[in-house]
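Structural features, examined
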Amino acid sequence: MVVLGAGAAGLFCAAVAGQRGRRVLVLEHNDVAGRKILISGGGHANFTHLNAGPSHFLSENPHFAKSALARFTPRDFLGLVHKHGIAYREKAPGQLFCQGSAREIVSLLLAECRAGGVHLRTGCRVDEVGRDDLFSIATSQGRFGSQALVVATGGLSIPSLGASDLGYRLARRFGLSVETPRPALVPLVLGGSEGEALGPLAGVAFEVEVRCGSARFRDRALVTHRGLSGPAILQVSSYWQAGTPVTLDLLPGADIARRLCDERERGSRAEFKTLLAEAMPKRLAEWWCRRQGLARPICQLSDREIGRLAEGLHAWRIVPEATEGFAKAEVTAGGVSTAELSSKTMEARRVPGLYFIGEVVDVTGWLGGFNFQWAWSSAHAAGEGV
């Protein structure tokens, strides 16, 4: 069998198949394997999330990922981490990172490939793929033939690492449908007066609950020179579509209206920005109050003003102009339609011997190790099924 792509999914699939006695060749167009792994998690590889389940993934078919995730779980991959003696830490509940370098995960995968007798060719560009009795793969290093072809070429995110549309082109070449790829886990860009007004706050981080449609995430947000980023924004960006609003609760879990009423009854002479600065960064509190034209003591606020302030803080509605695109996206949403694939083996239903795994498939995880787990689970499914 031939595997296209030596990223997380491709290497792991090759290792699983090789250790089952299959002859495996991996072709990678970059000069080294696992380039995207090496930069993941700030160089520490958030290699899984212990609680990963189907509800943490986006897809046109939300049930598709259930089979693969159930048959190779985060605990299963953690067993490999233990086997290879890799020290790790739980940075946030369920999020596992290497204590040392992400290079340890690449080393794990390469060691598992060696154990399966897998052959790896790097710096090998794929020029054309055809099929008669066998798949025929024309490359910069010659032509290869195989009864099985596994496409693990990833998505379009981070083109500086060599991302390409090869996987989508191959799917279409064999008559498979592709859900339109789009940037996911990506900062949002604010335009017009709103973006201009936020500019001076660049670098300010704050707790927020952000909503887009039915999606809701509570985490940190960060003001950038172009708009908003941070974990909460990256999460919701996967659900955002052009022209739709995003709503931010700047005081999640708080009842600012009640607090203001209590302070007013006590006759507080403090300005609202002073009270607000107890719950959010001072610069953000002052900016918000300036935007409201509010400089009077709390004791002088009317019920109507308190209601308006509370509503604005708990439901700040913005309409992003765009995302920062594939260059800044951590992953690609969309991809090869799950309707075309077996959820048990990842094999194309209409093209026997052709498999798609990992990011190239229309299954996209949340931030926090979920996309790595999909790589492991989908790769294991194909490696066992090929």
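Each chain has its residues counted from 1, following the order in which its sequence is written. Predicted model: local features are reported for residues with pLDDT of at least 70 only, side-chain atom pairs are reported and counted for 80 or more only, and whole-chain, interface and lining totals are derived from all residues. Note that the side-chain values use all heavy atoms of the structure and ignore hydrogens as well as water.

**Observations regarding the overall build of the protein chain**
Comment: elements are numbered from the N terminus, with helices defined as DSSP H or I runs of at least four residues and strands as E runs of at least two. In terms of helices and strands, the protein chain carries 13 helices and 22 strands. In terms of principal-axis extent, the alpha carbons of the protein chain reach across some 85 × 40 × 35 Å. To sort residues, take the accessible area from a 1.4 Å probe on protein chains only and compare it with the maximum for the residue type: under 20% means buried, over 50% means exposed, and anything in between is partly exposed. Out of the 386 residues belonging to the protein chain, those deemed buried represent 54%. Whether two residues are in contact is decided by their heavy atoms: any pair within 4.5 Å suffices. A separation threshold of at least 6 residues defines the contact pool for the protein chain, and within that pool the share at least 24 residues apart is 72%. Per element, the accessible surface of the protein chain, about 16700 Å² overall, is 47% carbon and sulfur. All accessibility values rest on the Shrake-Rupley procedure with a 1.4 Å probe; residue burial counts only the protein chains present in the view.

**Observations regarding helix α13 (residues 370-385)**
By definition here, a helix of n residues has an expected span of 1.5 Å times n minus one. For α13, built from 16 residues, the straight-helix expectation of 22 Å at 1.5 Å per residue is met to within 8% by its first-to-last C-alpha distance of 22 Å. Most of α13 is tucked away: 14 of the 16 residues are buried.

**Quick look at the nonpolar core**
Core analysis: the largest hydrophobic core is formed by 82 residues, its most contacted members being Ile-105, Leu-354, Phe-356 and Trp-374. Per element, the largest residue contribution to this core is 9 residues, and it comes from helix α1 (residues 8-19). In contact with Phe-356, not counting residues within four places along its chain, are Val-151, Gly-167, Ala-171, Leu-176, Val-336, Leu-341, Met-346 and Val-361. Here, the term nonpolar core denotes a set of buried Ala, Val, Leu, Ile, Met, Phe, Trp, Tyr and Cys residues that are joined through side-chain atoms within 4.5 Å. By size, the runner-up hydrophobic cluster in this structure holds 42 residues, among which are Leu-201, Leu-251, Leu-301 and Leu-313.

**Some points on the layout of surface pockets**
For the second largest pocket, the calculated volume is near 290 Å³. In terms of lining residues, the second largest pocket is bounded by 13 residues, among which Met-1, Arg-23, Val-24, Leu-25 and Ser-146 are the most central. Among the elements that make up the lining of the second largest pocket, the one with the highest residue count is strand β10 (residues 142-146) (3 residues). When the residues that make up the lining of the second largest pocket are grouped by side-chain class, the tally is 7 nonpolar, 4 polar and 2 charged. Grid points spaced at 1 Å over the protein atoms alone were grouped into cavities, where a 1.4 Å probe fits but cannot get out, and pockets, open sets with protein on both sides within 12 Å along at least five of seven lines, with lining residues defined by an atom within 4 Å of a point. Grid points are joined across faces, edges and corners, and a volume is the space filled by probe spheres set on the points. Each residue gets one label: Ala, Val, Leu, Ile, Met, Phe, Trp, Tyr, Cys and Pro are nonpolar, Asp, Glu, Lys and Arg are charged, and the others, such as Gly, are polar.

**Quick look at the pattern of salt bridges**
Here, a salt bridge means any side-chain nitrogen of Lys or Arg that lies within 4 Å of a carboxyl oxygen of Asp or Glu. This structure, assessed with the given rule, holds 17 salt bridges. Where Asp-165 meets Arg-169, a salt bridge forms, and the shortest distance between an N and an O atom there is 2.8 Å. On the accessibility criterion, Asp-165 (34% relative accessible area) is partly exposed. Here Glu-305 ties to Arg-296 by a salt bridge, and the two come within 2.2 Å at their closest N and O atoms. In the salt-bridge network here, residues are joined through shared partners; they are Arg-259, Glu-263, Arg-266 and Glu-278.

**Here we look at the environment of Ser-146**
Its place among the elements puts Ser-146 in strand β10. In this structure, the C-alpha to C-alpha distance between Ser-146 and His-29, residues 117 residues apart in sequence, is 18 Å. Whenever two N or O atoms come within 3.5 Å, that pair is a polar contact, provided that in protein one can donate a hydrogen and the other can accept it, and provided that, for residues adjacent in sequence, both atoms are side-chain atoms. Of note is the side chain of Ser-146, whose polar atom sits 2.6 Å from the backbone oxygen of Ala-148.

**Quick look at the sheet that holds strand β3 (residues 46-49)**
Here, a strand pair is defined by DSSP locating no fewer than two bridges between the strands. If you walk across this open sheet you meet the 3 strands as β3-β6-β5, and the pairing is antiparallel. The sheet is open, and its two edges are formed by β3 and β5 (88-92), each paired on a single side. Each neighbouring strand pair of the sheet contributes to a mean axis angle of 35°, computed without reference to strand direction. Where β5 lies against strand β6 (residues 95-98), 4 bridges are found, and the strand directions are antiparallel. An axis is simply a line fitted to the C-alpha atoms; with a helix, the fit covers only the stretch in contact. Between two such axes, the angle follows the N-to-C directions and lies from 0 to 180 degrees.

**Some points on empty space enclosed by the protein**
Following the criterion strictly, the structure yields 1 cavity of 30 Å³ or more and no others. Estimates place the volume of the largest cavity at around 30 Å³. Forming the boundary of the largest cavity are Leu-190, Gly-195, Leu-198, Gly-199, Thr-224, His-225, Arg-226 and Gly-227. Here the lining of the largest cavity is built from residues that sort into 2 nonpolar, 5 polar and 1 charged.

**Describing the sheet that holds strand β8 (residues 126-131)**
In space, the 3 strands of this open sheet follow the order β8-β9-β10, with antiparallel pairing throughout. For this open sheet the edge positions go to β8 and β10, each flanked by a neighbour on one side alone. Ignoring which end each strand starts from, the neighbouring axes of this sheet average 20° apart.

**Structural notes on the packing of aromatic side chains**
Between 30 and 60 degrees the pair is tilted, below 30 it is stacked and above 60 it is edge-to-face, where a pair is any two Phe, Tyr or Trp rings, Trp via its six-membered ring, whose centres lie within 6.5 Å. Counted by the stated rule, this structure contains 17 aromatic pairs. Aromatic pair Phe-12 and Phe-72: ring centres 5.2 Å apart, planes at 55°, arrangement tilted. Here Phe-72 lies in the loop between α3 (66-71) and α4 (74-83) and Phe-12 lies in helix α1, a separation of 60 residues in the sequence. Like Phe-12, the residue Phe-72 is buried in the burial classification. A centroid spacing of 5.9 Å and a plane angle of 75° characterise the contact between Trp-288 and Trp-316, whose relative ring orientation is edge-to-face. Linking Trp-288 in helix α11 (residues 282-292) with Trp-316 in strand β18 (residues 316-318), this pair joins segments that are 28 residues apart in sequence.

**Description of the pairing of β8**
Where β8 lies against strand β9 (residues 135-139), 5 bridges are found, and the strand directions are antiparallel. Following the sheet pairing, Val-126 is matched in β9 by Thr-139. Where β8 hands over to β9, the hairpin turn is made up of 3 residues, counted between the paired strands.

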